[in-house]
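# Residue-level structural notes
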Amino acid sequence: MVTRKSKREIELMREAGRIVALAHYEVSKAIKPGVSTKELDDLVERVIRENDAIPSFLNYNGFPASACISINEEVVHGIPSPHRILADGDIVSVDIGAIYKGYHGDSAWSYACGQVSEEASKLLEGTKASLFAGLEYAKANNRLSDISHAIQVTAEGLGFSVVREFVGHGVGKHLHEDPQIPNYGPPHRGLILKSGMTLAIEPMINLGNKEVKVLSDGWTTITRDKSLSAHFEHTILIKDDGYEILTTL
Ligand code: MG
Ligand code: MG
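Residues numbered from 1 in each chain as written. Chains lettered and ligands numbered in written order. Predicted model: local features only at pLDDT ≥ 70, side-chain atom pairs only at ≥ 80, totals over all residues. Heavy atoms only, no water.

## Considerations on empty space enclosed by the protein
Our working definition: Two kinds of site are reported from a 1 Å grid over the protein atoms alone, namely cavities, where a 1.4 Å probe fits but cannot get out, and pockets, open sets with protein on both sides within 12 Å along at least five of seven lines, and residues are called lining when an atom falls within 4 Å of a point. Grid points are joined across faces, edges and corners, and a volume is the space filled by probe spheres set on the points. Under the scheme used here, helices are H or I runs from DSSP no shorter than 4 residues and strands are E runs no shorter than 2 residues, and both carry numbers assigned from the N terminus. For this classification, the nonpolar set comprises Ala, Val, Leu, Ile, Met, Phe, Trp, Tyr, Cys and Pro, the charged set comprises Asp, Glu, Lys and Arg, and every other residue, Gly included, is treated as polar.
Summed over all chains, the structure comprises one cavity of 30 Å³ or more. Estimates place the volume of the largest cavity at around 40 Å³. Residue lining of the largest cavity: Cys68, Ser70, Val75, Val76, His77, Ser93, Val94, Asp95, Ala108 and His231, and that is the complete set. Breaking the lining of the largest cavity down by element, the ones donating at least two residues are β2 (67-71), β3 (74-76) and β4 (91-100). The element that contributes the greatest number of residues to the lining of the largest cavity is β4, accounting for three residues. The residue makeup of the lining of the largest cavity, split by class, is five nonpolar, four polar and one charged.

## Regarding the nonpolar core
Spelled out, the test is: By convention a nonpolar core is built from buried Ala, Val, Leu, Ile, Met, Phe, Trp, Tyr and Cys residues, the set being connected through side-chain atoms within 4.5 Å. The rule is simple: take the accessible area with a 1.4 Å probe, protein chains only, and divide by the maximum for that residue type; under 20% is buried, over 50% is exposed, in between is partly exposed. Two residues form a contact once any of their heavy atoms are found within 4.5 Å.
Counting 59 residues, the largest nonpolar core has Ile31, Val94, Ile96 and Ile201 as its most contacted members. Per-element tally for this core: the top contributor is helix α1 (residues 7-30), with eight residues. Leave out the neighbours within four places in its chain, and Ile201 touches Leu131, Leu135, Ile147, Ile151, Ile181, Phe232, Glu233, His234 and Ile236. Phe57, Phe63, Cys68 and Leu175 belong to the second largest nonpolar core, which has six residues in total.

## Things to note about the pattern of salt bridges
Put simply, the rule is: The salt bridge definition used is simple: a Lys or Arg side-chain nitrogen within 4 Å of an Asp or Glu carboxyl oxygen.
Applying the stated criterion across every chain yields a total of 11 salt bridges. Close ionic contact of Arg84 with Glu74 constitutes a salt bridge, the shortest N to O distance being 2.7 Å. With Arg84 in the loop between β3 and β4 and Glu74 in strand β3, the pair connects residues that are 10 residues apart, well separated along the chain. Here Arg84 falls in the partly exposed class, since its relative accessible area comes to 31%. Using a relative accessible area of 8% as the deciding quantity, one classes Glu74 as buried.

## A closer look at the packing of aromatic side chains
Operational definition: For Phe, Tyr and Trp, rings pair up if their centres lie within 6.5 Å, where Trp contributes its six-membered ring, and each pair is then called stacked (planes under 30 degrees apart), edge-to-face (over 60) or tilted (otherwise).
A full pass over the atoms with the stated rule returns two aromatic pairs. Ring geometry for Phe63 against Trp219: centres 5.0 Å apart, planes inclined by 85°, an arrangement best described as edge-to-face. Here Phe63, found in the loop between β1 (54-55) and β2, pairs with Trp219, found in the loop between β11 (212-214) and β12 (221-223); they are 156 residues apart in sequence, far enough to count as distant. Accessibility assignment for this pair places Phe63 and Trp219 in one class, buried. Ring centres 4.8 Å apart and planes at 70° place the aromatic pair Trp109 and Phe232 in the edge-to-face group.

## What about the coordination of the magnesium ion (ligand 2)?
Worth spelling out the cut-off: Each metal's donors are the N, O and S atoms found within 2.8 Å of it, except that Na, K and Ca use a 3.2 Å limit; water is left out, so coordination can look incomplete.
Protein ligation of the magnesium ion (ligand 2) involves Asp106 (OD), His169 (NE2), Glu202 (OE) and Glu233 (OE), the donor distances falling in the range 2.1 to 2.2 Å. The sequence pattern formed by the donor residues of the magnesium ion (ligand 2) is D-x62-H-x32-E-x30-E. Here the magnesium ion (ligand 2) and the magnesium ion (ligand 1) are spaced 3.1 Å apart, linked through Asp106, which binds each one. On the criterion of sequence distance, the pair formed by Asp106 in strand β5 (residues 103-112) and His169 in strand β7 (residues 168-170) is long-range, its members being 63 residues apart. Taken as a pair, Asp106 and His169 share a single burial class, namely buried.

Structure representation (structure tokens):
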């Protein structure tokens, strides 16, 4: 069931989103060669708890950390570790969720660590562009797959491929609510968007081909061809005249 949030629920989600954005801001300043992914995770957890919120991902289906941190060919769900040290030229995808008074915010961003290659830089820009191309269609009375289609057309138009195994989602009282939001597909299909719906839109885009696999830790997902992957996500509110980003400062 797809819910439409009340004014009060939206206020709480704005605060959850602000806390997630604040954690991203702190992470963006901390990412540099020599820093471990565990240090970044500790920073994320500290910012969330200092703001009276709870990390959404910690213990979610058994996930052992507050942030998912996925480097280079890792697509999503990388597990932070004191032994995983960032190097110059890495691209680092950080996915953060926070629960504030029972409501979630969810946002992922891929960061350049030091000086990255030109192709890595293009992948980061292209993945962010595909998110915002999808958001252009996030508006009451559009259909859900208008968002999906715009993401796919943008990413593939730049020569990249779209991961199929993971999708965007409704978000609110639960981290993952209906509907599922693929990052590909034909336009003008599926749910008709209504004001008050809150959605997490999150393209995962590969430099090479679209196939992925899950490593033996049961979480870390990588590209099969070991090409670079990037991930950008915002939690948004659907409005009559467009959308509002909730995961922002
Ligand atoms: Mg996320
Ligand atoms: Mg999400």
